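Report on the structure
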Amino acid sequence: MNTLIRLSLALLAMAMLAANSIAAASVEPYILTPPAPASPRINGASVFGVRPGSPFLFTIAATGDRPMSFSAQNLPQGLKLDPATGRITGALAMKGEHIVMLGAKNSRGSVEKKFRIVCGDQIALTPPMGWNSWNCFAQEVSADRVKAAANVLVKSGLANHGWTYVNIDDFWQNNRGSDDPTLHGPFRDTNGFVLPNARFPDMKGLADYVHGLGLKIGLYSSPGPWTCGGCAGSFGHEQQDAQTYAKWGFDYFKYDWCSYGGICDGKAATDDSISSWDAGEKGKSDVEAATHPFRLMGKFLREQKRDIVFSVCEYGMSEVWKWGASVDGNCWRTTWDIVDTWESMSSIGFDQQNQAAPFSKPGNWNDPDMLVVGHVGWGKPHPTRLTPDEQYTHISLWCLLSAPLLIGCDMTKFDAFTLSLLTNDEVIAVDQDPLGKQATCVINDGDLRVYARDLEDGSRAVGFFNRSVKPMELSFKDFSKLGLAGKQTPRDLWRQKNLAAVNTAMGSLPLTIPAHGVVLYKFTTVK
Ligand code: GAL
């Protein structure tokens, strides 16, 4: 290639980058989510799965002025409600379904909502919602930071929108090579039980603290001898580790392939040349080899006398969506790690999820990785590099995809915009819809992507996404591709407002979709 062509290509690339950043820089954060009313509103999942005999903990998520009192009619035997906190606890002895009427009351009024409790084999009947330490703190996580995160979930009001899990990722164990003294120490006790590092002096106390706030807590390990960050993994101690997590009181467990790549490719666990993070080769295509460690841990987790959501993490190798449910996985990562750029988020969200969609269902969810809104940065938090419209795209798309929603930011640094993204109950309701039907791409035309999914109430949620750096104006007529017929009322879910009804046979829908942005509607048939 001659110098002139190379120079022109470089200039073109710079111009494209500039165009991208102009689009990014020109939009200030703007809030669409209307404030929650002062009168009570019950949010969050309307179905909850529990196994017979497991400790039950469900906190009614409700917005509105405090004090608020809660009620629950037809609560089955074995469960009790604390009317002051809205926490339902106890245990159910037998399999079965129960329809309960939840109630919330304050000085501004009262409200009721139907709630279905399903006691059976399946848990995580809606995608788990919560926080995870990795995208913000990475190797800097500590018990104090986890407690602070739990406190913010409650104090910011996020818990009133259904956010529940506080998940510790890598680096609660001791590390094989770090020069940080708080990560030095024995990996296991003389009986082989895993030991936390000095930053986590009291795991049971930490779990009790989080439960005391009405929340749940999660933990992390690897099936290999080392986690990705080089901390102690579970290889050879799987049963003991499952017992330990249950004894400490954990409710969620992420199992991350990492150094198992070396084991899978035939190395001995004691072989020091096993890399902590190299996924190896065999697990990428050999389904039997890839499933083995997850099947083993899935079985040991199921043997515990508590419900532990099992999050399979092996980056989507060997089409995990086809077998994740068979190893008792409640969710499974479909992708390598997300970062806070448009390229990463949009390619994961738009390009890598469609093939997995048919395998997602209540109890078993595809996981396109954690959220990158707010202050993220893997130990060096900075404001997300996603533009405001890219963040609307991120949350809308993840909700359409029935993704587990795990906030990845330092929540002590919340700003009003980030909070507004995470507290729109009508948008969250798409993710938490009890039908559990993941959206698929129904239109892929130039820079336009349209995703649609059925909701339990018979309506359809539709996201119109613009992948270009320029706003898109449309007079949309292709309703049959959205699976819509007759007269339809669109509701703008971010603004929580109904729009004029449209006749799908001859009408059209005017749409303005911001650069890298979204219009998220719910369509209900006019009767
Ligand atoms: C990666 C995983 C991340 C995080 C990290 C911890 O493999 O995808 O989500 O858990 O390991 O080291």
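Scoring rules and cut-offs
- Residues numbered from 1 in each chain as written.
- Predicted model: local features only at pLDDT ≥ 70, side-chain atom pairs only at ≥ 80, totals over all residues.
- Heavy atoms only, no water.
- Pairing = 2+ DSSP bridges.
- Helix = DSSP H or I, 4+ residues; strand = E, 2+ residues; numbered from the N terminus.
- Near = heavy atom within 4 Å.
- Polar contact = N/O pair within 3.5 Å; in protein donor to acceptor, adjacent residues only side chain to side chain.
- Areas by Shrake-Rupley, 256 points an atom, 1.4 Å probe, with all protein chains shown as cover.
- Nonpolar A, V, L, I, M, F, W, Y, C, P; charged D, E, K, R; others polar.
- Core = buried A, V, L, I, M, F, W, Y, C linked by side-chain atoms within 4.5 Å.
- Buried < 20%, exposed > 50% of the residue type's maximum accessible area, 1.4 Å probe, protein only.
- Domains from an automatic or database assignment.
- Contact = heavy atoms within 4.5 Å.
- Disulfide = S-S within 2.5 Å.
- Buried area = accessible area lost by both parts, 1.4 Å probe.
- Salt bridge = Lys/Arg side-chain N within 4 Å of Asp/Glu carboxyl O.
- Axes fitted to C-alpha atoms, helices over the stretch in contact; angles between N-to-C directions.
- Parallel < 35°, antiparallel > 145°, perpendicular 65-115°, else oblique.
- Phe/Tyr/Trp six-rings, centres within 6.5 Å; stacked < 30°, edge-to-face > 60°.
- Lys NZ or Arg CZ within 6 Å of the ring centre and 35° of its normal.
- Left-handed = near helix turned anticlockwise from the far one by under 90°.
- Expected span 1.5 Å × (residues − 1).

**Considerations on the pairing of strand β20 (residues 440-445)**
Relative to strand β21 (residues 448-454), β20 runs antiparallel, the two sharing 5 bridges. When the bridges of β21 are listed, Asp445 appears paired with Leu448. Between β20 and the antiparallel strand that follows it, β21, lie 2 residues; Gly446 among them carries a positive phi value of about 60°.

**Section: the site of the ligand**
If you check the shell around the ligand, you find 13 residues, and the closest are Asp169, Asp170, Lys254, Asp256 and Asp337. Interatomic distance of 2.8 Å between a side-chain N/O atom of Lys254 and an oxygen atom of the ligand. For the ligand, whose free accessible area comes to 310 Å², the fraction covered by protein is 95%. Tallied by class, residues from the shell around the ligand come to 6 nonpolar, 1 polar and 6 charged.

**A few points about the nonpolar core**
Counting residues in each nonpolar core, the largest one holds 112 residues, and the members touching the most others are Trp163, Ile168, Trp172, Met411 and Leu422. Residue assignment places this core across two domains, with domain 2 (125-415) and domain 3 (440-525) each supplying three or more. Look past the residues within four positions of Ile168 in its chain and what remains in contact with it is Ser133, Val141, Val146, Phe200, Leu206, Ile217, Gly218, Leu219, Tyr220 and Phe250. Among the nonpolar cores identified, the runner-up in size contains 19 residues, and Phe56, Phe58, Met68 and Val100 belong to it.

**What about helix α5 (residues 238-248)?**
Of all 11 residues that make up α5, 8 are buried, and the element is covered over most of its length. Those residues of α5 lying buried are Glu238, Gln240, Asp241, Ala242, Thr244, Tyr245, Ala246 and Trp248. Gly249 sits one or two residues past α5 and shows a positive phi near 100°.

**Topic: the state of the cysteines**
Per the stated rule, a full pass over the model turns up 1 disulfide. Here Cys228 connects covalently by a disulfide to Cys258, the sulfurs 1.7 Å from one another. Since a negative S-S torsion denotes a left-handed disulfide, the Cys228-Cys258 link at about -80° is left-handed. In this pair, Cys228 is assigned in the loop between β12 (216-221) and α5 and Cys258 in the loop between β13 (252-256) and α6 (260-264), connecting sequence segments 30 residues apart. Here Cys228 falls in the partly exposed class, since its relative accessible area comes to 24%.

**Observations concerning the domain arrangement of the protein**
Structurally, the protein comprises domain 1 (41-119), domain 2 (125-415) and domain 3 (440-525). Contacts between domain 1 and domain 2 engage 18 residues on the former and 16 residues on the latter. Around 1,400 Å² of area is buried between domain 1 and domain 2 when both sides are counted, 50% of it from carbon and sulfur atoms. Per-residue buried area on domain 1 facing domain 2 is highest for Arg51, Leu57 and Arg87; these three make up 38% of the total on that side. The interface formed by domain 1 and domain 2 includes 0 salt bridges. Remark: the boundary between domain 1 and domain 2 carries 8 residue pairs in polar contact (both at pLDDT 80 or more). Those elements giving two or more residues to the side of domain 1 that touches domain 2 turn out to be β2 (47-50), β3 (56-59) and β4 (61-63). Element by element, the count of residues in the side of domain 1 that touches domain 2 is highest for β2, at 4 residues.

**Points about the side chain of Arg333**
For Arg333, the location among the structural elements is in strand β15 (residues 331-333). Among the polar contacts listed, one links the side chain of Arg333 to the side chain of Asp337, at a separation of 2.7 Å. Apart from the residues within four sequence positions on either side, Arg333 is in contact with Lys254, Val312, Cys313, Glu314, Tyr315, Gly316, Val320, Asp367 and Asp369.

**Overview of the packing of helix α3 (residues 143-155) against helix α4 (residues 203-212)**
One way to put it is that α3 packs onto α4 with a least axis distance of 10 Å and a crossing angle of 10°. Our classification of the angle between α3 and α4 gives roughly parallel. Facing α3, whose interface residues are Ala143, Val146, Lys147, Ala150 and Asn151, α4 presents Leu206, Tyr209 and Val210. When the residues that make up the contact of α3 with α4 are grouped by side-chain class, the tally is 6 nonpolar, 1 polar and 1 charged.

**Examining the packing of aromatic side chains**
Scanning the entire structure with this criterion turns up 30 aromatic pairs. With centroids separated by 5.2 Å and ring planes inclined at 75°, the aromatic side chains of Phe464 and Phe476 adopt a geometry described as edge-to-face. Highlighted residues: Phe464 in strand β22 (residues 460-466) and Phe476 in strand β23 (residues 472-476), separated in sequence by 12 residues. Residue classification places Phe476 among the buried residues on the basis of a relative accessible area of 6%. Three or more aromatic residues link up through ring pairs in this structure, and these residues are Trp172, Tyr245, Trp248, Phe250, Phe253, Tyr255, Trp257, Tyr260, Phe294, Phe310 and Trp323. For Lys147, the ring lying beneath its charged end belongs to Tyr209, and the centroid distance is 5.1 Å.

**Overview of the packing of α5 against helix α7 (residues 287-302)**
It is the contact of α5 with α7, at a shortest axis distance of 9 Å, that shows an interaxial angle of 40°. It follows from the interaxial angle that α5 and α7 lie oblique. Handedness of the α5/α7 crossing: right-handed. Seen from α5, the contacting residues are Glu238, Gln239, Asp241, Ala242 and Tyr245; seen from α7, they are Leu296, Met297, Phe300 and Leu301.

**Some words on helix α9 (residues 388-400)**
The end-to-end C-alpha distance of α9 is 18 Å, a good match for the 18 Å that 13 residues give at a rise of 1.5 Å each. Of all 13 residues making up α9, 13 are buried, and the element is well covered by its neighbours. Phi for Ser402, located one or two positions after α9, is positive at around 55°.

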